[in-house]
Amino acid sequence: MGERPVVTPSAGITPVQQMLASGTGALLTSVFVTPLDVVKIRLQAQQTPFYQALAADSASWSGVIRPAKWKCFLYCNGLMDHIYVCQYGASCTSWYKTPTHFSGTLDAFVKITRNEGVRSLWSGLPPTLVMAVPATVIYFTCYDQLRDLLRYGMGFQGNYIPLVAGGLARLGAVSVISPLELVRTKMQSQKLTYSELRVCIRSSVAQDGWLSLWRGWGPTVLRDVPFSALYWFNYELVKAQLCDQYDVSQATFSISFTAGAISGAVAAIMTLPFDVVKTRRQIQLGEMETLGVPMKNPTSTWHIMRGIWAESGYRGLFAGFLPRVIKVAPACAVMISTYEFGKIFFQKMNLDREQQAC
């Protein structure tokens, strides 16, 4: 069998077209994954009603007693984790009302759809897309550009190229989006107008410096950068092996889907301890922003990790193993297969245009 010609992955496609492909993939991933998280939140809310959740969490990791009128929890749309501030008496308390008893995941899907309408499965999604979609577009486009620059522009070779490009691309995306997520949490928790928000941000910067806008950046980077490096490293390897196995020069939709699911699951498992720490840190920051309490000496990532280890051992650092894999694997599969399909679509379109021009 002769060698197949080397195909530059992003050949014949512009950065704008890469952005369109990744944006489409981001939207489809959110539409697919969000109902799973909504059902998870509703099932958890059923087990711990609003007032019980407040009582159980009244002493937070920071030692601050929260007022009995709100609660922070994490909401995932398949692209990013977002802090959701639920205030008592507001519309979001529907998360913590239990008008119907759910016996399980499938039962929750059926009853929410039947009693509240299909749209309830995507509750809370639109506000999170404002940041999640741009972050995903930046991340995927930068990855392709960096990978091609390292491999074809600078002449580097080796399996480490996806690992380096994936880590750097995620680092850039997190650094751009981190202040915006802090701003979104502040607006939601304090009900600020844009003019009030501007004054609030200026006051925070004057008091704590510009770095205060990147609170929570460290734990996010510790989880997302290794995850992305491992994900792309494994994805490119698995994709290449599947292409060899099926004797194709370019990955099909099913090959991309399978490679994405496998690599996403592996990366999720290997970075799970950092995910546990990041979750605690993110909720802690949400609590502080909601209370308006300055965090001059925030709890460090390693301090939180040592606390979890002392409290629950290694099991605590790998808590939520199955739910994370179930959520991450299909999200990665849908996102990457849609993105690759979009790039192939634009490549063919551009090639047809060139042939017609000739």
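Quick caveat: nothing in here was measured; it's all calculated off a predicted structure.

**Some remarks on the environment of L180**
Mapped onto the fold, L180 is located in helix α5 (residues 160-190). You can call L180 partly exposed: its relative accessible area is 43%. The sequence separation of L180 and M131 amounts to 49 residues, and the corresponding C-alpha distance is 7.4 Å.

**Let's talk about helix α8 (residues 253-270)**
Between the first and last C-alpha of α8 there are 26 Å, a value that for 18 residues agrees with the 26 Å anticipated at 1.5 Å per step. When we look at burial in α8, the residues that qualify are I255, S256, A259, G260, S263, G264, A265, A267 and A268.

**Let's talk about the pattern of salt bridges**
A complete count under the given rule lists nine salt bridges for this structure. With its nearest N and O atoms 3.2 Å apart, the salt bridge here joins R147 to E236. With a gap of 89 residues between them, R147 in helix α4 (residues 125-153) and E236 in helix α7 (residues 217-246) connect regions that are remote in the sequence. Like R147, the residue E236 is buried in the burial classification. A salt bridge links K343 to E340, with the shortest nitrogen-to-oxygen separation between them at 3.4 Å. A residue pair is termed a helical-turn pair when its members lie 3 or 4 positions apart in one helix, as K343 and E340 do in helix α12 (residues 321-357) at three residues.

**Brief notes about the nonpolar core**
Ranked by internal contacts, the top residues of the largest apolar core, which has 39 residues, are Y139, F140, F227, Y231, W232 and I336. Every element with two or more residues in this core is listed here: α1 (15-47), α4, α5, α7, α8 and α12. Among the elements that make up this core, the one with the highest residue count is α4 (eleven residues). Beyond its immediate stretch of four places on either side in the chain, W232 contacts Y139, F140, Y143, P162, G166 and I336.

**Topic: the packing of α8 against α12**
Where α8 contacts α12, the two axes come as close as 7 Å, and the packing angle between them is 145 degrees. Crossing of α8 over α12 shows right-handed handedness. By residue class, the composition of the contact of α8 with α12 is 15 nonpolar, five polar and two charged.

**Some remarks on the side chain of D224**
As for its placement among the helices and strands, D224 is situated in helix α7. If we skip the residues at most four places from it in the chain, D224 touches R170 and V174.

**Topic: a nonpolar patch on the surface**
A contiguous nonpolar patch, built from L149, M154, F156, Y160, L163, V164 and L168 and spanning about 610 Å² of accessible area, is present on the exposed surface. For the nonpolar patch, the leading source of residues is α5, giving four residues. Of note, L168 is situated in helix α5.

**Considerations on the side chain of N350**
Locating N350 in the fold gives a position in helix α12. At 2.8 Å, the side chain of N350 and the side chain of Q17 are in polar contact. Dropping the residues within four chain positions of it, N350 is found in contact with G12, I13 and Q17.

**Some thoughts on the confidence of the model for the chain**
Scored by pLDDT, the chain comes out at a mean of 76, with 67% of its residues at no less than 70. Per-element confidence in the chain ranges from a low mean pLDDT of 45 for helix α2 (residues 50-56) to a high of 94 for α8. Low pLDDT, under 50, characterises residues 50-70; the predicted model gives this stretch 48 contacts beyond four residues in sequence or across chains.

**With respect to unusual backbone geometry**
The backbone of D247 shows a phi angle near 55 degrees, a positive value even though the residue is not glycine. Tracing the backbone through its elements, the reader meets D247 in the loop between α7 and α8.

**Remarks on the packing of α7 against α12**
Between α7 and α12, the shortest axis-to-axis distance is 13 Å and the interhelical angle comes to 60 degrees. It follows that α7 is oblique to α12 by the angle criterion. Crossing of α7 over α12 shows right-handed handedness. Contact residues: R223, F227, Y231, W232, Y235 and K239 in α7; R324, V328, C332, I336 and E340 in α12. For the contact of α7 with α12, the per-class residue count stands at seven nonpolar, no polar and four charged.

Criteria and cut-off values
- Residues numbered from 1 in each chain as written.
- Predicted model: local features only at pLDDT ≥ 70, side-chain atom pairs only at ≥ 80, totals over all residues.
- Heavy atoms only, no water.
- Helix = DSSP H or I, 4+ residues; strand = E, 2+ residues; numbered from the N terminus.
- Buried < 20%, exposed > 50% of the residue type's maximum accessible area, 1.4 Å probe, protein only.
- Expected span 1.5 Å × (residues − 1).
- Salt bridge = Lys/Arg side-chain N within 4 Å of Asp/Glu carboxyl O.
- Core = buried A, V, L, I, M, F, W, Y, C linked by side-chain atoms within 4.5 Å.
- Contact = heavy atoms within 4.5 Å.
- Axes fitted to C-alpha atoms, helices over the stretch in contact; angles between N-to-C directions.
- Left-handed = near helix turned anticlockwise from the far one by under 90°.
- Nonpolar A, V, L, I, M, F, W, Y, C, P; charged D, E, K, R; others polar.
- Patch = residues over 30% accessible without salt bridge, like charges linked within 9 Å, V, L, I, M, F, W, Y side chains within 5 Å.
- Areas by Shrake-Rupley, 256 points an atom, 1.4 Å probe, with all protein chains shown as cover.
- Polar contact = N/O pair within 3.5 Å; in protein donor to acceptor, adjacent residues only side chain to side chain.
- pLDDT = per-residue confidence, 0-100.
- Parallel < 35°, antiparallel > 145°, perpendicular 65-115°, else oblique.

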